[in-house]
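Architecture and fold: a report
Each chain, written out:
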Amino acid sequence: MKEEFLKHLQRILQEDQWALEEDMSSHVTFRTGGPAEYYVRPNRRQIQPVLSLCSRFDIPWMVIGNGSNLLVGDRGIRGLVMEIGKMMDQISVKGDLVTAEAGALLSSAARYAARESLTGMEFASGIPGSIGGAVVMNAGAYGGEMKQIIKSVTVLNEAGQERELAAEELDLGYRHSCIPENHWIVLEAKLQLSKGNQEEILGRMEELKSQRMKKQPLEYPSAGSAFKRPKGYFAGKLIQDAGLRGYQVGGAQVSEKHCGFVINKEKAVSKDIRQLIADVQDQVEAQFGVRLEPEVKFIGEF
Ligand SMILES: Cc1cc2nc3c(=O)[nH]c(=O)nc-3n(C[C@H](O)[C@H](O)[C@H](O)COP(=O)(O)OP(=O)(O)OC[C@H]3O[C@@H](n4cnc5c(N)ncnc54)[C@H](O)[C@@H]3O)c2cc1C
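Residues numbered from 1 in each chain as written. Predicted model: local features only at pLDDT ≥ 70, side-chain atom pairs only at ≥ 80, totals over all residues.

Considerations on the sheet that holds strand E6 (residues 91–94)
Here is the rule we go by: Two strands pair if DSSP finds at least two bridges between them. Secondary structure elements follow DSSP: runs of H or I of four or more residues count as helices, runs of E of two or more count as strands, with numbering from the N terminus. Here an axis means a line fitted to C-alpha atoms, over the contact stretch when the element is a helix, while the angle between two N-to-C directions is reported on a 0 to 180 degree scale.
An order of E6-E7-E13-E11-E12 is seen for the five strands of this open sheet, with the pairing classed as antiparallel. Two strands bound the open sheet, and with one partner strand each, they are E6 and strand E12 (162–166). Within this sheet the neighbouring strands show an average axis-to-axis angle of 20°, counted without direction. With six bridges connecting them, strand E11 (residues 150–156) and strand E13 (residues 185–192) associate as antiparallel partners. If you follow Ile 150 over to E13, its bridge partner there is Leu 191.

Structure, rendered in structure tokens:
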């Protein structure tokens, strides 16, 4: 059956667009995790045929963007991983509306907007995700979030149809959208910005960049903030107050620079990171009665 599936896959994709047993650690910012049974990098037109093939051969599939919010199990992922990245990264602008394909990086879209003197997405310029991942996560920082700028999103639904959905149809909330539960694939987003002063836009982006560099352990692999912000608290502060600054499991560590970050300090495996996250949850709950919820998504087998 595998041969048959591959034969069909090769009819859809070029040789450099698919791989078997692909090492996932090179596709996620934690730099850990086992192999994906099938790994594909389709362009927009190829997604639907790949999905039909998966359904015909009963192969489970999942989508990743830039892998900056994912922890992949050390035993890898059975089924097919579809990367929406460089094969779909066009950005264009009409008036004050930016249209970006799902594989474009947020940083590229923010720079593009700045070049056009469009303001509104400076907050996103240092978030290392793709447009697709940022829409799914309703990514945000420094008082801004994607919800504020998304006008509409074009998705591919399970029936294989493209649908343009208004922002209100996406149930956007704190690090949440209804896209994963509907098994939709984000193809592109229209972002509503407004005319601004280019110097000020670039200045704000520089300012936020230096704040990140000063406060975040960007010299180590991580997935950013490991936990969502619990109502009424800050995750990093709770972790620090629980005495967990620098707490380590194997090669994984609660960052000494920013306790909200879990870092791959030294050759960590995903099991170390998962255990450390669980320990932090237990200890913070035991001391403060608050159960932290991971922001990082766990995928594959651990
Ligand atoms: C150093 C660092 C700093 C960070 N700072 C921030 C921050 O300030 N604010 C913030 O919100 N996040 C931050 N993050 C986390 C991360 O960058 C965001 O969550 C980002 O939006 C994830 O995008 P991605 O493309 O990497 O998605 P991935 O991690 O690849 O995937 C995340 C989720 O989106 C889904 N997905 C991705 N693309 C698509 C698509 N095209 N269609 C359907 N589903 C899709 C995946 O299935 C998965 O469920 C940070 C991460 C790092 C490493």
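Quick notes on unusual backbone geometry
Worth spelling out the cut-off: Exposure is read from a count of other C-beta atoms within 10 Å of each residue's own; the residue is exposed at 12 or fewer, buried at 20 or more and partly exposed in between. C-beta atoms are placed from the backbone.
We note that Arg 31 has phi near 60°; this positive angle belongs to a residue other than glycine. Tracing the chain through its elements places Arg 31 in the loop between strand E1 (18–23) and strand E2 (35–40). Under the C-beta neighbour-count criterion, Arg 31 is labelled partly exposed, with 16 such atoms within 10 Å. In this structure, Asp 58 takes a positive phi of about 55° despite not being glycine. If you trace the backbone, Asp 58 turns up in the loop between helix H2 (44–56) and strand E3 (61–64).

Re the sheet that holds strand E17 (residues 252–254)
Applicable threshold: Any two residues are considered in contact once their C-beta atoms, placed from the backbone, lie within 7 Å.
An order of E15-E18-E17-E16 is seen for the four strands of this open sheet, with the pairing classed as antiparallel. Each edge of the open sheet carries a strand with a single partner, namely strand E15 (222–225) and strand E16 (248–249). Taken together, the two bridges between E15 and strand E18 (residues 261–264) define a ladder with antiparallel strand orientation. Looking across to E18, one finds that Ser 225 is bridged to Phe 261. Packed on one face of the sheet, helix H8 (residues 270–288) meets E16, E17 and E18 and runs near 30° to E17.

As for the packing of helix H1 (residues 2–12) against H2
Note the following rule: The scheme is simple: roughly parallel for angles under 35 degrees, roughly antiparallel for over 145, roughly perpendicular for 65 to 115, oblique for anything else.
Packing of H1 against H2 brings their axes to within 10 Å, and their N-to-C directions diverge by 170°. By the criterion of interaxial angle, the relationship of H1 to H2 is roughly antiparallel. In contact with Phe 5, His 8, Leu 9 and Ile 12 of H1, H2 contributes Gln 46, Pro 49, Val 50 and Leu 53.

A closer look at the site of the ligand
This is how it is decided: Each residue receives a C-beta atom built from its backbone; the residue is near a molecule or strand if that atom lies within 6 Å of it. Polarity classes work like this: nonpolar for Ala, Val, Leu, Ile, Met, Phe, Trp, Tyr, Cys and Pro, charged for Asp, Glu, Lys and Arg, and polar for all others, with Gly in that last group.
The environment of the ligand is formed by 33 residues, the closest being Gly 65, Gly 129, Gly 132, Gly 133 and Gly 224. No other element matches helix H4 (residues 131–137), which puts five residues into the shell around the ligand. A class-by-class count of the residues in the shell around the ligand yields 19 nonpolar, 13 polar and one charged.

Digging into the environment of Phe 227
Looking at where Phe 227 falls in the secondary structure, it is placed in the loop between E15 and helix H7 (235–241). Sequence separation of Phe 227 and Val 262 is 35 residues, and the distance between their C-alpha atoms is 9.1 Å. Sequence-distant contacts of Phe 227, that is, excluding residues within four places in its chain, are made with Ala 235, Gly 260, Leu 292, Glu 293, Pro 294 and Glu 295.

What about the domain arrangement of the chain?
The test is simple: Throughout, the edges of the domains are those of an automatic or database domain assignment.
On domain assignment, one finds that the chain holds domain 1 (2–85), domain 2 (87–201) and domain 3 (217–299). Taking only C-alpha atoms into account, the centre of domain 2 sits 28 Å from that of domain 3.

Digging into H2
What counts, and what does not: This arc is taken over the directions from the axis of the helix to the C-beta atoms.
Turning to H2, its buried residues are Ile 47, Val 50 and Leu 51. End-on view of H2: buried residues confined to an arc of 100°, all on one side of the axis. Those residues of H2 that are exposed and aimed more than 90 degrees away from the buried face are Arg 45 and Arg 56. Elements that come into contact with the buried residues of H2 comprise H1, E2, E3, strand E5 (77–83), E11 and E13. Just downstream of H2 lies Asp 58, where phi reads positive at about 55°.

Some points on the environment of Gly 246
Mapped onto the elements, Gly 246 comes out in the loop between H7 and E16. The class of Gly 246 is exposed, set by 12 C-beta atoms lying within 10 Å. Taking the C-alpha atoms as reference points, Gly 246 and Arg 31, 215 residues apart in sequence, are found 19 Å from one another. When sequence neighbours within four positions are dropped, the list of residues in contact with Gly 246 reads Gln 253, Val 254 and Glu 256.

Structural notes on the pairing of E6
Remember that side chains alternate between the two faces of the sheet whenever the strand is regular. Relative to strand E7 (residues 97–101), E6 runs antiparallel, the two sharing four bridges. Bridging across to E7, Ile 91 finds its partner in Ala 100. Turn length for the E6-E7 hairpin, with the two strands adjacent in sequence and antiparallel, is two residues, and the turn residue Gly 95 shows positive phi of about 60°.

A closer look at the pairing of E5
Judged by how many residues are buried, E5 sits mostly within the fold: five of seven residues are covered. Across four bridges, the pairing between E2 and E5 is parallel. Bridging across to E5, Ala 36 finds its partner in Ile 77. Judged from the four bridges that link them, E3 and E5 form a sheet pairing that is parallel. Across the sheet, Ile 64 pairs through a bridge with Glu 83, a residue of E5.

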